[in-house]
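These are the residues of each chain, in order.
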Amino acid sequence: MAELVRLARQDDVAVITIDNPPVNALSPGVPEGIEAALKQAVADTRVRAIVLIGAGSTFIAGADIREFGKIVSGERPRLTLLPFLLTIEDSPKPVVMAIHGQAFGGGLEVAMAGHYRVLAPKAQVGQPEVKLGIIPGAGGTQRLPRLAGVPKALEMCAAGDPVKAQDAVALGIADKIVEGDFLAGAIAFARAVAGKPPSKTRERDEKLPGVPAAVFAAAREQARKQARGLRAPLAAIDAVEAATKLDFFAGCEEEARLFNQCLFSTEARAMIHVFFGERAVAKIPGISKEVKPFEIRRAAVIGAGTMGGGIAMNYANAGIPVIVKETKQEALDRGLGIIRGNYAKTVAKGKLSQAAMDQRMALLTPRLTYDGFEQADIVVEAAFENMALKKRIFAELDKVAKPGAILATNTSTLDIDEIASATSRPTMVVGTHFFSPANVMKLLEVVRGKATSPAVIAIAMALGKRLGKVAVLAGNCHGFIGNRMVAPYFREAQFLLEEGASVEAVNQSLYEFGMAMGPLAVDDLAGLDIGWAIRKERATHLKPGVRVPLVVDKLCEQGRFGQKTGRGWSKYDENRRASSDPEVAALIERVSRAAGIERREISNQEIVDRCVYALVNEGARVLEDGIALRAVDIDITYIYGYGFAAWRGGPMFYADTVGLPKVLARIEEFEKKHGKDLWAPAPLLKQLVAEGKTFKDFDKRKEAPG
Ligand code: 3H9
């Protein structure tokens, strides 16, 4: 028997323990080990019942996701766990699945093949496969509706969200919650059911009949809305529906067909890339061993505006007391009012209790002075995007913050080193760039200055996780990773308007490509005045003779700042619904004709290529410059901070899927037409193409230097 699985006996109960750290995934050897142990236990006449349990922190987190790439490339045969699960289900002695931590994906599928399931109070069960672009592939879509009923199985398989222990018992997925010593409780349960004839989940058909067709139609509609562009949730619904129409074995065959269709899709490759990417970005080469991060116990935020308020909420949500400072009482009252309103909305939706809201509000201390700042472990400056102002604040913070406190700035573009130069402790200065709305968006860009100490970086990255964010480390340059790349993306969106595309065509093409919103809609939401202020500050950085967008400043001069003024690139009604504005169309045409720009028909594909390849080309430069550690850091930044579709895998992964030679050829076309200042291909892109490599290969080289 493989060491991954152990068999022991406690009198008349056999205990099979899976020990495959970190999460007991069903890696090669694990199913075989369980099966061998099971057969041994069945053959042992002293054994009357069997308990299957996971060592460490969890039961089974599913199939080994690392193996999927090998299956797709043909390096490993396709997974067929079905015979293994039938062996469990056909055991003549009852098999009790003892679940602590998670039974996810293949883990829940194994559990459902057992005859009973007992749960630790904090256990969770779920079929999260759709989050990887696939569907349950080991009978999950056939056994779950038999236990939980069809509507709940549809929801769990199509949305992928986990279910808590209490709910799992109420739904019929599990039999009992075991308090106290978990293994002892599971063994006692097994002893109590020993001798009873085991009932097989696959034979329990009572919850299957009579589901109206409307239930499936509603599930499909919901999936199309909530998981726009994704195939897997629809495939999961098809597979659950098959359970209601076919016998168990035919249903499993249909599930396997759909599973393989999904597994071999670009969508699955992209989403698996994102799964590992989310974890990879937390790994900073050369930092982990040498530093001793301390815990953030108290925080302070400067500014109670949109960003400051949202940032303060993040700290309060994580249970960290936080001072919120403003310069005027009115601004402070307004800021705290907005925070209270945000929480109240969550309470009204039933997603937060009133008591939890009160607790969070109590963690916020409004201030007009620096009183209490001497106790903060971190101070986050979230003032207006202006260098002189930020330097003045940092000089003040240098005086009031305790030695050893982290001084963080929420700047979205400005030079961290220059900000740090206003203090006597540049090693303690770091960027923590939140994305708006800061209490919602999952990305945190941690920006390292040239002096930022490794410990400060490690603390900021760990803090990101504690605040429920995905933290990505960026180097210091104008705009860091995200905003540096977004500048050419927005630039191209505006050039396309000047060349003949409509505002609606630009927005719609990129929305259909998979962006959460079109670029001009984003501009209108963020406020055109923000970019206007930045452009004024950076006017001296413009290279003479290089084309710049001409229309946006004219809109700003007319007071069209986007949604907040009801007019921007589009018109907005009182419900903030957009409609096209003929005045803007006329203005664009006038301005472009006056500038002698040729206007023409522009295809949706050109819109996507121009905007997305502008991201990719700048992304390659960001990599070359070492601003992002790996291509995957860029992908995660764009998925969690800029609404890039996860099923596209992020801009750099997308470029890999298109094929870098094709991407380069298109960029060279744009270079010919629009000039090298705007479109010279990034040297790294050219180099990868010359070597026949991808951005993924570039990352692998970084993981294993030499
Ligand atoms: C499936 O089951 C298909 C089936 O229907 C059958 C088909 C035939 N495999 O998240 P963490 C690694 S599909 C391989 O940081 P946490 C992870 O990469 C699968 N590795 O910890 C990380 O590695 P590293 C369906 C896995 O405590 C380490 O474990 N199941 C897997 O915050 C720790 O992970 C899922 O989608 C895996 N299955 O959260 C569940 N899972 O340290 C996916 C994790 O090198 N997993 N790793 O970076 C999870 O949701 C979370 O990992 C879990 C723990 C909640 C379990």
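Anything mentioned here points back to the structure above.
Residues numbered from 1 in each chain as written. Predicted model: local features only at pLDDT ≥ 70, side-chain atom pairs only at ≥ 80, totals over all residues. Heavy atoms only, no water.

Caption draft 1: The nonpolar core, seen in detail. The biggest cluster of nonpolar side chains holds 96 residues, and the ones touching the most others in it are W569 and F695. The greatest single-element share of this core, amounting to 11 residues, is contributed by helix α25 (residues 604-624). If near-sequence neighbours (up to four positions away) are discounted, F695 is found in contact with V616, A620, L623, A631, M652, A655, D656, L660, L684, L685 and L688. Membership of the second largest hydrophobic core comes to 72 residues, among which are V30, A41, L81 and I134. (Core = buried A, V, L, I, M, F, W, Y, C linked by side-chain atoms within 4.5 Å. Buried < 20%, exposed > 50% of the residue type's maximum accessible area, 1.4 Å probe, protein only. Helix = DSSP H or I, 4+ residues; strand = E, 2+ residues; numbered from the N terminus. Contact = heavy atoms within 4.5 Å.)

Caption draft 2: Just the side chain of H115, in detail. Positionally, H115 belongs in the loop between α4 (106-113) and β6 (116-119). The exposure class assigned to H115 is buried, which follows from its relative accessible area of 4%. A distance of 2.8 Å separates a polar side-chain atom of H115 from the backbone oxygen of E89. Looking at H115, its side chain comes within polar contact range of the main-chain nitrogen of V95, at 2.9 Å. Apart from the residues lying within four places of it in its own chain, the contact partners of H115 are I88, E89, S91, K93, P94, V95, P198 and S199. (Polar contact = N/O pair within 3.5 Å; in protein donor to acceptor, adjacent residues only side chain to side chain.)

Caption draft 3: Inspection of the sheet that holds strand β5 (residues 102-104) at higher detail. Taken in spatial order, the three strands of this open sheet run β5-β7-β8, and their pairing is mixed. Each end of this open sheet is capped by a strand with a single partner; those strands are β5 and β8 (163-164). Contacts from α4 reach β5 and β7 (124-126), with the element oriented near 95° to β5. (Pairing = 2+ DSSP bridges. Axes fitted to C-alpha atoms, helices over the stretch in contact; angles between N-to-C directions.)

Caption draft 4: Inspection of the site of the ligand at higher detail. Around the ligand sit 25 residues, and of these A61, G106, E109, E129 and K283 come closest. In the environment of the ligand, a nitrogen atom lies 2.8 Å from a nitrogen or oxygen atom belonging to the backbone of A61. Separating an oxygen atom of the ligand from a side-chain N or O atom of K283 is a distance of 2.6 Å. Among the secondary structure elements, those contributing two or more residues to the shell around the ligand are β5, α4 and α12 (266-280). For the shell around the ligand, the leading source of residues is α12, giving three residues. When its residues are assigned to classes, the shell around the ligand shows 15 nonpolar, five polar and five charged. (Near = heavy atom within 4 Å. Nonpolar A, V, L, I, M, F, W, Y, C, P; charged D, E, K, R; others polar.)

Caption draft 5: Quick peek at the packing of helix α5 (residues 140-148) against helix α11 (residues 248-263). Direction vectors running N to C along α5 and α11 enclose 130°, while the axes themselves pass 8 Å from each other. The pairing of α5 with α11 is recorded here as oblique in orientation. Two secondary-structure elements touch here, α5 through G140, T141, Q142, R143 and R146 and α11 through F248, G251, C252 and E255. Classifying every residue of the contact of α5 with α11 by side-chain character gives two nonpolar, four polar and three charged. (Parallel < 35°, antiparallel > 145°, perpendicular 65-115°, else oblique.)

Caption draft 6: Seen up close, the packing of aromatic side chains. What the rule picks out here adds up to 12 aromatic pairs. Seen from their ring centres, W532 and F561 are 6.0 Å apart, and the 45° between their planes marks the pair as tilted. With W532 in helix α22 (residues 528-537) and F561 in the loop between α23 (552-557) and β18 (571-572), this pair connects stretches of sequence that are 29 residues apart. Taking the relative accessible area as the measure of exposure, W532 reaches 19% and is therefore buried. Ring plane angle 15° and centroid distance 4.3 Å describe the contact between Y638 and Y642, whose orientation is recorded as stacked. This pair shows no difference in class: Y638 is buried, exactly as Y642 is. Connected via pairs of aromatic rings, a cluster forms that spans F435, Y638 and Y642. (Phe/Tyr/Trp six-rings, centres within 6.5 Å; stacked < 30°, edge-to-face > 60°.)

Caption draft 7: Quick look at the pairing of strand β16 (residues 443-448). Within β16, five of the six residues are buried, leaving the element largely enclosed by the surrounding structure. Taken together, the five bridges between strand β15 (residues 429-434) and β16 define a ladder with antiparallel strand orientation. Pairing of V430 across the sheet is with R448, part of β16. Note that β16 and strand β17 (residues 470-475) share six bridges and pair parallel. Paired with V447 across the two strands is A474, which belongs to β17. Taking the sense of rotation as the criterion, the β-α-β connection linking β16, helix α18 (residues 454-466) and β17 turns out right-handed. (Right-handed = clockwise from strand over helix to strand, strands pointing away.)

Caption draft 8: Just the sheet that holds β16, in detail. A sheet is described by the order of its strands in space; here eight strands give the open sequence β12-β11-β10-β13-β14-β15-β16-β17, paired in mixed fashion. Edge positions in the sheet fall to β12 (364-367) and β17, since each of these pairs with one other strand and no more. For this sheet, the mean angle separating the axes of adjacent strands, direction not counted, is 25°. Together, β10 (299-302), β13 (378-381), β14 (406-409) and β15 form the strand contacts of helix α16 (residues 387-400), whose direction differs from that of β14 by roughly 165°.

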